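The lines below spell out each chain.
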Amino acid sequence: MTRESEKIRSEIVAALPRLRRFARALTGQPADADDIVQIAVERALTRLDQFEPGTRLESWLMTIVRNAWIDEARARQRRAKVFADAELGEQVGDGGEAAAQAKLEVNEVYAAMQSLPDEQREAIALVCVEGLAYREASEVLGVPIGTLTSRLARGREALQRMLGDAP
Amino acid sequence: MTIDDATLMAFADGELTPEERAEIERALSEDAGLRQKLSAHQKLRAQLSGAYDPVLEEPAPERLLLAAQGARREAEVVDLSARRAARWSVREWGAMAASLAGGLIIGFGAMNAQAPLIAVTADGMNARGALEQALDTQLAADEPGAVRIGLSFRAHDGGYCRTFELTERATAGVACREDGVWSVAMTAAQPQQGDLRMAGAPAEVLSAVQTMIAGEPLDAEAEAQARDAGWVRAPD
């Protein structure tokens with residue numbers, strides 16, 4: 001193994017927390033999220049030659065995660081929308097009213113995200129969850145910036161409607 | 001001046017130039033309605049952070065660390081549900097090995113091209129070559145060559161089992177002495193390079209040992225005695 005590919009591997013390890021968060025935002029399911037991160041990491045390692053040095057490795061990996069999820073979702077002919085399954089409950093933990101309330105709020109956010117059209121959810125996940133710049137996010141999604149921002153605006157509006165206090 | 005929703009959103013996302021930002025900030029100071037819209041954006045960001053940021057604090061699962069190291073499990077299937085099986089009993093490993101016989105033959109066949117270490121037979125997988133030799137004679141304390149020996153222990157049926165690591169093949173496993181051969185009960189990927197190299201056996205191997213072991217692992221003295229006695233099943 002070359003020193004360069006070893007370096008990329010350690011960078012991939014360092015990127016795992018963010019890849020997992022991004023995948024969680026896309027899939028809404030902890031187990032699904034880790035499955036697609038695993039698939040994406042395995043794919044990335046077979047395609048290291050396609051990574052352009054000087055560009056952000058994380059953005060490249062997020063592109064692969066996103067494509068892995070598209071493939072996976074297609075293969076499953078769209079997964080049923082399960083909002084608060086047992087696994088999520090375990091992740092969030094329990095213990096007291098505050099925790100129950102926090103869990104409820106987390107579930108609301110997960111549920112609201114899952115109810116968005118895919119194209120809006122992935123735009124929100126990249127920009128509002130992962131903090132990518134518009135240009136980076138538009139490259140990950142392979143769409144012009146104007147398309148990205150209109151998806152973002154619609155996604156935000158829908159989320160604010162679902163999650164806002166106002167009726 | 002009026003600030004449209006798209007511009008306000010770009011402001012909230014930190015996309016504007018310093019000049020544009022200054023302009024929006026001026027408008028915000030004069031327009032309560034605009035401030036309210038901005039605070040809705042900020043609130044949504046906070047809600048999303050609250051929901052997803054805790055993932056960053058979770059330790060990455062071992063399987064992802066393994067994947068990032070390029071380690072592949074020999075017995076891993078494509079079916080995602082099987083990836084989730086964190087703890088398998090030996091029985092399940094066996095059943096899976098049987099159902100995957102085709103894949104394993106291919107997998108180990110590739111290995112076998114150079115020096116056969118594991119052969120697939122009608123009864124399961126048996127150690128061959130350097131692996132068989134190491135299981136026969138090598139002690140845990142010995143300098144490892146192609147094979148590193150880990151734990152030796154007695155299984156519930158009284159037979160001896162040993163964990164091993166194929167140092168050049170990023171694979172670890174458990175083999176048990178049965179009818180004069182070392183039957184490989186399971187194998188799993190062994191991370192090999194970088195700082196993440198695990199001390200000892202992968203979790204799957206340890207998990208299998210836990211289900212198989214009767215009592216404690218052999219200490220160095222008992223290990224040497226069992227070897228000298230040819231790994232013959234000790235009388236109860």
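Computed from a predicted model, the values in this text were never measured in an experiment.

Reading guide: rules and limits
- Residues numbered from 1 in each chain as written.
- Chains lettered and ligands numbered in written order.
- Predicted model: local features only at pLDDT ≥ 70, side-chain atom pairs only at ≥ 80, totals over all residues.
- Helix = DSSP H or I, 4+ residues; strand = E, 2+ residues; numbered from the N terminus.
- Buried ≥ 20, exposed ≤ 12 C-beta atoms within 10 Å, placed from the backbone.
- Contact = placed C-beta atoms within 7 Å.
- Axes fitted to C-alpha atoms, helices over the stretch in contact; angles between N-to-C directions.
- Parallel < 35°, antiparallel > 145°, perpendicular 65-115°, else oblique.
- Nonpolar A, V, L, I, M, F, W, Y, C, P; charged D, E, K, R; others polar.
- Core = buried A, V, L, I, M, F, W, Y, C linked by C-beta atoms within 7 Å.
- Domains from an automatic or database assignment.
- pLDDT = per-residue confidence, 0-100.
- Pairing = 2+ DSSP bridges.
- Left-handed = near helix turned anticlockwise from the far one by under 90°.

Next up on the list: the overall build of chain A. Of the regular secondary structure elements, chain A holds 8 helices and 0 strands. Secondary structure elements of chain A, listed N to C terminal, follow the sequence α-α-α-α-α-α-α-α. Across the 167 residues in chain A, those meeting the buried criterion constitute 38%. Expressed as a percentage of contacts within chain A between residues at least 6 apart in sequence, the contacts between residues at least 24 apart total 65%.

The next thing to look at is the overall build of chain B. For chain B, the helix and strand inventory stands at 11 helices and 6 strands. Taking all 236 residues of chain B together, 31% fall into the buried category. Pairs at least 24 residues apart make up 49% of the contacts formed inside chain B by residues separated by at least 6 positions.

Let us look at the packing of helix α8 (residues 145-163) of chain A against helix α1 (residues 5-12) of chain B. A pair of packed helices is captured by two measures, namely the crossing angle of their axes and the spacing between those axes. Put simply, α8 of chain A and α1 of chain B touch, their axes get as near as 11 Å, and they point 90° apart. As judged from the angle between their axes, α8 of chain A and α1 of chain B are roughly perpendicular. Residues Thr-149, Leu-152, Ala-153 and Arg-156 of chain A of α8 of chain A form the contact with α1 of chain B, whose participating residues are Asp-5, Ala-6 and Met-9 of chain B. Considered class by class, the residues forming the contact of α8 of chain A with α1 of chain B number 4 nonpolar, 1 polar and 2 charged.

Let's shift gears to the interface of chain A and chain B. Between chain A and chain B, the residue contacts involve 37 residues of the former and 31 residues of the latter. Those elements that place two or more of their residues in the side of chain A that touches chain B are α1 (3-27), α2 (30-46), α5 (96-115), α6 (118-129) and α8 of chain A. Of all the elements, α1 of chain A adds the most residues to the side of chain A that touches chain B, at 11 residues. Counted by class, the side of chain A that touches chain B contains 22 nonpolar, 5 polar and 10 charged residues.

A word on the nonpolar core. One finds Leu-19, Ala-40 and Val-65 of chain A together with Val-174 and Ala-175 of chain B to be the most contacted residues of the largest nonpolar core, which totals 80 residues. A per-element tally of this core places α1 of chain A first, with 8 residues. In terms of domain composition, this core takes at least three residues from each of domain 1 (5-55) and domain 2 (62-228) of chain B.

Our focus in this paragraph is the confidence of the model for chain A. When pLDDT is averaged along chain A, the result is 83; 80% of the residues meet or exceed 70. Here residues 78-94 of chain A scores under 50 on pLDDT; set against residues more than four positions off or in separate chains, the count is 20 contacts.

On to unusual backbone geometry, then. Despite not being glycine, Asp-179 of chain B shows a phi value in the positive range, around 50°. For Asp-179 of chain B, the position within the fold is in the loop between β5 (171-178) and β6 (181-189).

Let's shift gears to the pairing of strand β3 (residues 147-154) of chain B. Residue and element names in this part refer to chain B. A large share of β3 lies buried, amounting to 8 of its 8 residues. Relative to strand β4 (residues 160-166), β3 is paired through 6 bridges, and the arrangement is antiparallel. In the sheet register, Ser-152 faces β4, and the bridge partner there is Arg-162. Between β3 and β4, which pair antiparallel one after the other, the connecting turn spans 5 residues, and Gly-158 there sits at a positive phi close to 95°.

All names here are of chain A. Its place among the elements puts Leu-45 in helix α2. Among the residues examined, Leu-45 registers 17 C-beta atoms within 10 Å and is labelled partly exposed. Sequence-wise, Leu-45 and Ile-12 are 33 residues apart; in three dimensions their C-alpha atoms are separated by 9.4 Å.

This brings us to the confidence of the model for chain B. Residue and element names in this part refer to chain B. Looking at chain B as a whole, the pLDDT averages 76, with 72% of positions reaching at least 70. Segment residues 193-198 is flagged for pLDDT under 50; beyond a separation of four residues in sequence, or across chains, it makes 14 contacts in the model. Here the prediction assigns the complex a pTM of 0.56, and the interface score ipTM is 0.83.

Bringing the pairing of β5 of chain B into the picture now. Residues and elements named next belong to chain B. β5 sits mainly inside the fold: 7 of its 8 residues count as buried. Examined bridge by bridge, β4 and β5 share 6 bridges and lie antiparallel to one another. Directly across from Leu-166, in β5, lies its bridge partner Thr-171. Linking two consecutive strands that pair antiparallel, namely β4 and β5, is a turn of 4 residues; a positive phi of about 55° is found at Ala-170 within it. Note: β5 against β6, 8 bridges, orientation antiparallel. Its bridge partner lying in β6, Ala-172 is registered against Ala-188. Here β5 hands over to β6 after 2 residues, with Asp-179 in that stretch at a positive phi of 50°.

Another point: the packing of α6 of chain A against helix α7 (residues 134-141) of chain A. Residue and element names in this part refer to chain A. Two elements in contact, α6 and α7, have axes separated by 9 Å at closest approach and are oriented at 140°. In this view, α6 runs oblique relative to α7, as classed from their interaxial angle. The two elements α6 and α7 cross, and the hand of that crossing is right-handed. Of the residues in α7, those in contact with Glu-122, Ala-123, Leu-126 and Val-127 of α6 are Tyr-134, Ala-137, Val-140 and Leu-141.

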